[in-house]
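Tertiary structure, described
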Amino acid sequence: MTILCIVDVAEGRERPASRELLGAARQLKGALGCQVLALVPASGDFAHLGAWGADAVHTLPALDGAFSSDASAAVLAQAVETLGGDLVLFSAGARARELAPRLAARLGRPLLGECTQLDATSGLVATRPIFAGKVLVKAPVALPAILTLRPKLFPALEDGFAVASQSLALSQGEMKAVVTELLAAAGGKLDLSEADIIVSGGRGVGGPEGFAPLESLATQLGAAVGASRAAVDAGWRPHSQQVGQTGKVVNPTLYIACGISGAIQHLAGMKNSRYIVAINKDPEAPIFKVADYGIVGDLFEVVPALAAALA
Amino acid sequence: MRIVVCMKRVPDTESVIRIAPDGGAVDTADLNYIINPYDEYAIEAALQMKDADDSVQVLLLTVGESAAESTIRKGLAMGADEAVLLQVPKDLSDPLGTARLLAEWLKANPADLVLAGKQGVDFDHGAVPGMVAELLGWAGASSVCALACEASHATVEREVEGGRERVRLPLPCVISADKGLNEPRYASLKGIMGAKKKPLAVVDCAAQSGALGSLEAPPARPAGRVVGQGAAAATELARLLKEEARVL
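Residues numbered from 1 in each chain as written. Chains lettered and ligands numbered in written order. Predicted model: local features only at pLDDT ≥ 70, side-chain atom pairs only at ≥ 80, totals over all residues.

Re the overall build of chain B
From N to C terminus, chain B includes six helices and 15 strands. Projected onto the principal axes, the alpha-carbon positions of chain B cover approximately 65 × 45 × 40 Å. The burial tally for chain B puts 50% of its 248 residues in the buried class. Of all intrachain contacts in chain B linking residues separated by at least 6 positions in sequence, the fraction that spans at least 24 positions is 69%. (Helix = DSSP H or I, 4+ residues; strand = E, 2+ residues; numbered from the N terminus. Buried ≥ 20, exposed ≤ 12 C-beta atoms within 10 Å, placed from the backbone. Contact = placed C-beta atoms within 7 Å.)

Let's talk about the overall build of chain A
Scanning chain A from terminus to terminus reveals eight helices and 18 strands. The C-alpha radius of gyration of chain A comes to 21 Å, within 12% of the 19 Å expected for a compact globule of 311 residues. Seen through its principal axes, chain A has C-alpha atoms that stretch 60 × 45 × 35 Å. Here chain A holds 311 residues, and the buried ones make up 60% of them. Looking at chain A alone, contacts between residues at least 24 apart form 64% of all its contacts between residues at least 6 apart. (Rg over C-alpha atoms; globule rule 2.2 N^0.38 Å.)

A short note on the interface of chain B and chain A
Interfaces are often sized by the accessible area lost when the parts come together. Taken residue by residue, the interface counts 70 residues in chain B and 71 residues in chain A. Contributing elements (two or more residues each) for the side of chain B that touches chain A: α3 (95-108), α4 (128-136), β9 (139-149), β10 (153-160), β11 (163-170), β14 (214-216), β15 (226-229) and α6 (234-244) of chain B. Looking at the side of chain B that touches chain A element by element, the count peaks at eight residues for β11 of chain B. Split by residue class, the side of chain B that touches chain A holds 36 nonpolar, 17 polar and 17 charged. In this structure, strand β10 (residues 135-140) of chain A lies alongside β14 of chain B, joined through three bridges in antiparallel fashion. The partner of valine 137 of chain A across the bridge, within β14 of chain B, is leucine 215 of chain B. (Nonpolar A, V, L, I, M, F, W, Y, C, P; charged D, E, K, R; others polar. Pairing = 2+ DSSP bridges.)

Regarding helix α2 (residues 69-78) of chain B
Residues and elements named next belong to chain B. Most of α2 is tucked away: seven of the 10 residues are buried. Here α2 has its buried residues at Thr71, Ile72, Lys74, Gly75, Leu76, Ala77 and Met78. Looking one or two residues past α2, glycine 79 carries a phi angle of roughly 140°, positive in sign.

Observations regarding the sheet that holds β15 of chain B
A sheet is described by the order of its strands in space; here six strands give the open sequence β15(A)-β14(A)-β16(A)-β17(A)-β18(A)-β15(B), paired in parallel fashion. Each edge of the open sheet is held by one strand with a lone partner, namely β15 (224-227) of chain A together with β15 of chain B. Neighbour-to-neighbour, the strand axes of this sheet turn through a mean angle of 15°, independent of strand direction. Across the sheet, helix α4 (residues 212-221) of chain A is in contact with β14 (197-201), β15 and β16 (254-258) of chain A; its angle to β14 of chain A comes to roughly 180°. Contacts from α6 of chain B reach β17 (275-280) and β18 (293-296) of chain A together with β15 of chain B, with the element oriented near 155° to β15 of chain B. (Axes fitted to C-alpha atoms, helices over the stretch in contact; angles between N-to-C directions.)

Description of the pairing of strand β6 (residues 87-91) of chain A
Residues and elements named next belong to chain A. Counting buried positions over the five residues of β6 gives five, a clear majority of the element. Burial along β6 is two-sided: Leu87, Leu89 and Ser91 facing one way and Val88 and Phe90 facing the other are all buried. Here strand β1 (residues 2-6) pairs with β6 via three bridges, running parallel. Bridging from a neighbouring strand, isoleucine 3 pairs with leucine 87 of β6.

What to know about the domain arrangement of chain A
Residue and element names in this part refer to chain A. When its domains are assigned, chain A resolves into domain 1 (2-167) and domain 2 (192-310). Taking the mean C-alpha position of each, domain 1 and domain 2 sit 31 Å from one another. Grouping the constituent residues of the side of domain 1 that touches domain 2 by class yields five nonpolar, two polar and three charged. (Domains from an automatic or database assignment.)

Structural notes on the nonpolar core
Nonpolar side chains in soluble globular proteins tend to be buried together. Core analysis: the biggest nonpolar cluster contains 191 residues, and Cys5, Ala38, Leu89 and Val277 of chain A together with Val5, Leu115 and Val132 of chain B have the highest contact counts within it. Viewed by domain, this core spans two of them, domain 1 (2-167) and domain 2 (192-310) of chain A, each represented by three or more residues. (Core = buried A, V, L, I, M, F, W, Y, C linked by C-beta atoms within 7 Å.)

Quick word on the sheet that holds strand β12 (residues 173-177) of chain B
Read from one edge of the open sheet, 10 strands run β13(A)-β11(B)-β10(B)-β9(B)-β12(B)-β8(B)-β1(B)-β6(B)-β7(B)-β13(B), paired in mixed fashion. Where the open sheet ends on each side, the last strands, each with one partner, are β13 (178-182) of chain A together with β13 (200-204) of chain B. Along the sheet, successive strands turn relative to each other by an average axial angle of 35°, direction set aside. Judged from the four bridges that link them, strand β1 (residues 2-6) of chain B and strand β8 (residues 113-117) of chain B form a sheet pairing that is parallel. In the strand pairing of β8 of chain B, cysteine 6 of chain B is matched with alanine 116 of chain B. Its contacts with the sheet put helix α1 (residues 37-52) of chain B on β1, β6 (57-64), β8, β9 and β12 of chain B, and the angle it makes with β8 of chain B is roughly 145°.

Brief notes about the packing of helix α2 (residues 69-83) of chain A against helix α3 (residues 94-107) of chain A
All names here are of chain A. Put simply, α2 and α3 touch, their axes get as near as 9 Å, and they point 55° apart. By the angle class used here, α2 and α3 are oblique. As α2 runs across α3, the sense of the crossing is right-handed. Of the residues in α3, those touching α2 at Ser69, Asp70, Ser72, Ala73, Leu76, Ala77 and Val80 are Glu98, Leu99, Arg102, Leu103, Arg106 and Leu107. (Parallel < 35°, antiparallel > 145°, perpendicular 65-115°, else oblique. Left-handed = near helix turned anticlockwise from the far one by under 90°.)

Structure below.
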C-alpha cells in the first residue's frame with residue numbers, strides 16, 4: 001500500500017504545504033502499514049524530501065514547461081498507475097483545484113477536498129469542514145481515494161534523511177488548456193493561505209487608505225493582509241484578500257481583526273485561527289465572542305499603538 | 001453559441017446549519033435556499049455574452065431534488081433562456097456522482113461552453129467542474145476571475161498563490177467562476193414574471209450519494225476576553241501575545 005504525495009513546486013522548490021503533506025502521510029504510515037512516495041511534477045533533485053517523510057522521490061521531467069491541467073492530469077494518472085497510490089494527497093491550492101478533480105474523474109476515484117484532519121486509528125477517517133466550517137464531517141475514506149489537505153494544519157517535520165530521487169519516464173500528450181502567462185511575480189506578496197499571521201480589515205477601516213496602518217503592522221510582523229467581505233465589496237481590497245465563506249478559509253497562528261464586526265460568513269473563514277485578536281469600536285460586535293484578546297477602541301489609535309508596543 | 005451554466009441551490013450563507021438527530025446529515029427543515037453564490041457569477045458571465053450577441057443561448061443545468069425548481073426559476077429570472085433539472089430523489093453530496101450526471105447529459109446535448117461556480121458553498125469540495133471537463137475530455141480552468149471568449153477559444157485569468165495566471169483554452173471547455181469575475185445582476189420584475197413561462201425540463205435520474213459520514217459541530221472557542229479599552233490597552237495586548245500566547 002502506498003501514499004502518494006503530489007508535491008507543489010514553485011520556482012524550483014517545493015512549497016511549504018507540500019512538506020505538510022509528507023508530514024501527514026508519515027503520521028498515517030504506521031497505522032496503514034504503507035510507504036510514502038513524493039511525486040514531483042517537474043524535474044530537479046528533490047532527494048531532500050526524504051528528510052520530510054518521503055521513502056522515495058519520483059520526479060516527472062515531462063511536466064517541465066508550460067502548465068496544462070488536462071495534459072498534467074493525464075501524466076499524473078499514468079504515474080499513479082505506475083507507482084501505485086492507494087491514497088493520493090494534494091495540498092489544497094491553485095494547482096490542486098485544477099488537477100485533483102481531473103485525476104479523480106480519470107481514475108474513477110472519490111475525491112475529498114480540503115480535509116483538515118486525518119485519523120487512521122480504525123480505518124482512515126478524514127475530517128472536512130462543510131458549509132464553510134459551520135459543520136465538520138468525519139468521513140470514512142474507502143481506498144483508493146484522492147484527498148486535498150488544507151495548508152497549515154498538518155505538521156511538517158524535518159527529521160529524516162535524503163532518499164533516492166529518480167525521474168519517471170512518462171511523456172505528456174496533447175495540451176488543451178495552457179498557462180500562457182504569470183501576471184504577478186510568484187513569491188511576491190505572501191498568500192493568505194500560507195501566512196502565519198494575518199492582519200485583516202473590515203468596514204470599520206473606512207476606505208482603501210484606512211488600510212495603511214494595517215499594512216504597516218503586517219509588514220512589521222511579516223504578516224499577510226486580509227479583508228472582510230464588506231471591505232472587498234466596497235472595492236477597497238482585491239477579492240484575493242477576502243476571508244470568509246465566499247473568500248478564503250484561513251488557519252493562521254494569529255488573526256488580527258480590525259474594524260470587523262464578525263458576521264457569521266466571516267467567522268466561517270477564520271474561526272479556526274489559533275489566536276484571534278479583535279480591535280473594534282463597538283463593544284457589542286460579535287467578533288469579541290470569538291476573540292482570545294479583544295480591545296474596544298478606535299483601530300486608528302490601537303493599531304499604531306500595538307505596532308509601537310511590538311517594535 | 002450555446003452556453004450551459006451548471007448551478008445548484010445551497011442554504012443561504014446567513015443560515016445556521018443544524019445537524020439532524022441521527023448525526024449523519026444536515027437538518028434541512030428550516031433552510032432558506034439561494035443560488036450558490038459562485039454560480040451567480042457563472043450565470044452573469046453567460047448573460048453578458050448573451051447581451052453582446054443575440055445568438056447566444058443560455059441553458060441552466062442543475063442536479064437536485066424537485067424542490068430545486070424554485071431556485072432554478074431565480075436563475076431564469078436573471079435572464080437565462082431555459083433550464084434542465086436532472087432530478088434525483090435527494091440532493092447529492094458527492095462530486096463525482098454529480099459530475100457523472102452532468103457529463104452524461106452534456107454528451108447527449110453538446111454545448112460550446114460550460115460555466116459553473118468554482119465550488120458549492122455547502123459541501124465545498126470545489127471538484128465538480130474539473131470532473132465534468134475530464135469526463136468529457138474537454139479543456140477546463142477553475143476559479144477564474146477574468147474571462148474573454150471568442151469563437152474557438154477562451155482566455156481566462158485565475159488567482160494562484162502569489163499572483164494571477166492567464167490560461168488559453170480551446171472550446172468546448174468547462175470554466176468555473178470565482179468572485180471578482182463580475183457583479184451578478186438582480187432579476188428585474190419583467191424577468192421574474194417571464195421566468196415562470198420559460199421552459200424547465202425535468203429528467204429523472206436515480207443517482208444517490210453514499211453516506212456523508214458523521215457530522216459534528218466544530219469545537220467551540222473559549223469565550224472571548226476583552227483586554228482593555230483604547231490605545232492604552234495595546235501594551236497589555238502586546239505582552240499577552242508575547243508571553244501568554246507566545247505567538248510573537
